[in-house]
Amino acid sequence: MPTISVDKADLWERLGQEYSTEEFDHLLFEYGLELDEDTTEEVEAAIKAGLPAERPQLKIEVPANRYDLVCMEGIARALRIFLGKGEAPKYKLVYPPGGESQLLTLKMDPEVKKVRPLFACAILRNVKFTPLSYASFIDLQDKLHQNIGRRRQLVSIGTHDLDTLTPPFRYEARPPKDIKFVPLNKDTAYTAEELMTVYESDKHLSKYLHIIRDSPVYPIIYDSEDHVLSMPPIINSEHSKITLNTRNIFIDVTATDQTKLDIVVNIVATMFSEYCEVPYTIEPVRVILPDGTTRISPDISERQTTARASYINACTGLSLSADQVSALLNKMALSSTVSPNDPDQLLVSIPCTRPDIFHECDIVEDAAIAYGFNNLPHKFPNTSTVAQSLAISKLSDIIRVEWALAGWVEVLPLILCSHEENFEFLNHVDDGKTAVKIANPKSLEFQVVRTTLLPGLLKTIRENRSHALPIKVFETSDVVFKDTSRERQARNERHAAAVWCNKTAGFEVVHGMLNRAMKMLEIPLIGNTDQKAETGYYIKERDDPVYFPGRAATIYYRPPPAKEGSTLEAIKQDVNTVLHIQRDVEIGSLGILHPTVLANFEIGYPCSALEFTLEPFKKEMNKIWTIEN
């Protein structure tokens, strides 16, 4: 959860009341926030010691999805409404005296699609800043950059003194050598290429350079006289720098994600529109998109949705009327009225400052906060249930216990691994249809979701090479496969695997581990040519590049026949037996690992491995208790 600092005296003034630390902590708790720290005592101690000190601050933890609460203005506004000391503001788009035709214009160049393709903007007119509100304005931008903007990679914000600029504006993308301007807080003009070198040693800006550094073109914003406004997401221009004396502010937001773009421009504009000469008014801008179409930015229209009083009562255990629920929602800045057509239905208007509300259940949460979680009635549920473990979990526990009792050590490696470890290191080829891949991996170590447990076990042995031999490790956990037949396009499969590492290969050891596991599961060993056995398992030689040639086997399992009473199934089984049609399924493999596999994982001793799926052995359970599909 983000933590924000607000000036204590300024907040008391906005709320029209002073609180003790305990009282304010209770108020925040009632609203769903948490007071992290009150620095009053530290400040007083510093002053007594003759040390320089800031004004007392309140550090407040806010939910990560409440972007309207990451500044002083948002918190004070929300608490005033919650306390009934004010009404929710109505944000308005105000056009120039000449109407829509007089709107300022920004044109987007098609080249911006190569680097930061999305743009939004807004104008705040006749703003009056104080040192505190100006600092809050800057701090809000930084909070949004770090939070929803993911350190400016997804969204970046620029703010400019509109009176220093000459519209219309242009948002372009140019080669870095063709861009030259005086950056913020500098007095010398640099090309974009030179700026990349200049800011390499800058503690604050150096961490953002990689976002556009390797792009053939850099985003840049110009006015009609070719004055640079900013080079997002790195730096603004000194020419359009805002100060305490700035009266008209031009806000630009560039992004790679449309949803986050809309959220950020709305939050910045609405939070600080209260300082306009006419509070809560925003002047829009006409944005001409690369395809020639136009749109008005920002879009601060309210979203309309519905909620049912009966649903809210059912979730909270209350018995409130629709009018009472409506009053609760109004305390949370959600304007609502009872539908004239349905006395149970509420018509709710969601302001542009509340992008966290997606569903009726989010409205239920706000109603519960307004009522007070501590005031909700305590009731026993109408039904009682007895929990039980999933079948696959009980099965895994059986294997874990038995192998641990045999002296083996269970390990828990990560479920993500590199593409090389999952395929090339095991001498396997990626067919593109097996592994689920991470779209934008942060590290080369985490590129795919593993399809086998072997890489994790082998990496564990590699990191414990100094351990005394033999090294005996096992794991029972999930692997993941692509599965286009399922809605989520993938499926989890529970596997059990073990690796033996010693001066000798130990094929017979892992074979014994397989036999022990099957004995505990009451699966008999049968011959691979035995057609009459009803159920059992057997192994058969196989060729697999992960294992040494001639030292590998496939594990087959023959499921038990259908339950007695199914005549049709019995007839089918008899026919299959006569025609030598087997219902045996491949469940895994075992063998001595190939020397190249061991070399890939930097293991200097021979190893034998065993891996098989536990899925066929699951006890049948009621579908509502399983995680199937």
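Rules behind the numbers
Residues numbered from 1 in each chain as written. Predicted model: local features only at pLDDT ≥ 70, side-chain atom pairs only at ≥ 80, totals over all residues. Heavy atoms only, no water. Helix = DSSP H or I, 4+ residues; strand = E, 2+ residues; numbered from the N terminus. Polar contact = N/O pair within 3.5 Å; in protein donor to acceptor, adjacent residues only side chain to side chain. Contact = heavy atoms within 4.5 Å. Pairing = 2+ DSSP bridges. Axes fitted to C-alpha atoms, helices over the stretch in contact; angles between N-to-C directions. Buried < 20%, exposed > 50% of the residue type's maximum accessible area, 1.4 Å probe, protein only. Left-handed = near helix turned anticlockwise from the far one by under 90°. Nonpolar A, V, L, I, M, F, W, Y, C, P; charged D, E, K, R; others polar. Core = buried A, V, L, I, M, F, W, Y, C linked by side-chain atoms within 4.5 Å.

Draft legend 1. Local environment of unusual backbone geometry. Of note, the bond from Pro167 into Pro168 is cis; its omega dihedral lies within 30 degrees of zero at 0 degrees. Checked against the element boundaries, Pro168 lands in the loop between β7 (155-161) and β8 (169-174). Residue Pro298 is bonded to the preceding Ser297 through a cis peptide linkage, with omega at 5 degrees. Following the sequence through the fold, Pro298 ends up in the loop between β17 (294-297) and β18 (303-308). One non-glycine residue with positive phi stands out, namely Tyr280, at about 65 degrees.

Draft legend 2. Main features of the side chain of Thr39. Its location among the elements puts Thr39 in the loop between β2 (34-38) and α3 (40-48). For Thr39, the side chain forms a polar contact with the main-chain nitrogen of Gln57, separated by 2.7 Å. Once you skip the residues sitting within four places of it in the chain, Thr39 turns out to touch Pro56, Gln57 and Lys59.

Draft legend 3. Quick look at the sheet that holds strand β19 (residues 335-338). Taking strand neighbours across the sheet as the criterion, the three strands line up as β18-β20-β19 in an open arrangement whose pairing is antiparallel. Sheet topology places β18 and β19 at the edges, where each strand pairs with a single neighbour. On average, adjacent strands in this sheet sit at an angle of 25 degrees to one another, irrespective of strand direction. Judged from the four bridges that link them, β19 and strand β20 (residues 345-350) form a sheet pairing that is antiparallel. In the sheet register, Ser335 faces β20, and the bridge partner there is Ser349.

Draft legend 4. Here's a closer look at helix α13 (residues 454-463). Across the ten residues of α13, eight count as buried, placing the element largely inside the fold. Considered for burial, the residues of α13 that qualify are Leu454, Pro455, Gly456, Leu457, Leu458, Thr460, Ile461 and Arg462.

Draft legend 5. Local environment of the packing of helix α8 (residues 309-316) against helix α10 (residues 360-371). Between α8 and α10, the least distance of the axes is 10 Å, while the angle of their chain directions is 65 degrees. In terms of crossing hand, the pair formed by α8 and α10 is right-handed. Taking contact as the criterion, the partners of Tyr311, Ile312, Cys315 and Thr316 in α8 are, on α10, Glu360, Cys361, Ile363, Val364, Ala367 and Ala368. In terms of residue class, the contact of α8 with α10 is built from eight nonpolar, one polar and one charged.

Draft legend 6. Region of interest: the nonpolar core. Ranked by size, the top nonpolar core spans 78 residues in total, and within it Leu11, Phe24, Ile60 and Leu144 carry the most contacts. Residue contributions to this core peak at nine residues, all from helix α7 (residues 258-272). Ignoring sequence-local partners within four residues, the contact set of Ile60 consists of Pro2, Thr3, Ile4, Val6, Phe24, Leu28, Leu33, Glu34, Leu35, Asp36 and Ile75.

Draft legend 7. Structural detail: the pairing of strand β14 (residues 249-255). Of all seven residues in β14, seven are buried, a share of seventy percent or more. Judged by which residues are buried, β14 turns out to be covered on both faces: Ile249, Ile251, Val253 and Ala255 on one side and Phe250, Asp252 and Thr254 on the other are all buried. As paired elements, strand β6 (residues 118-124) and β14 share seven bridges and run antiparallel to each other. Looking at the pairing, Leu118 lines up with Ala255 of β14. Note: β7 against β14, seven bridges, orientation antiparallel. Bridge pairing links Gly158 to Asp252 in β14.

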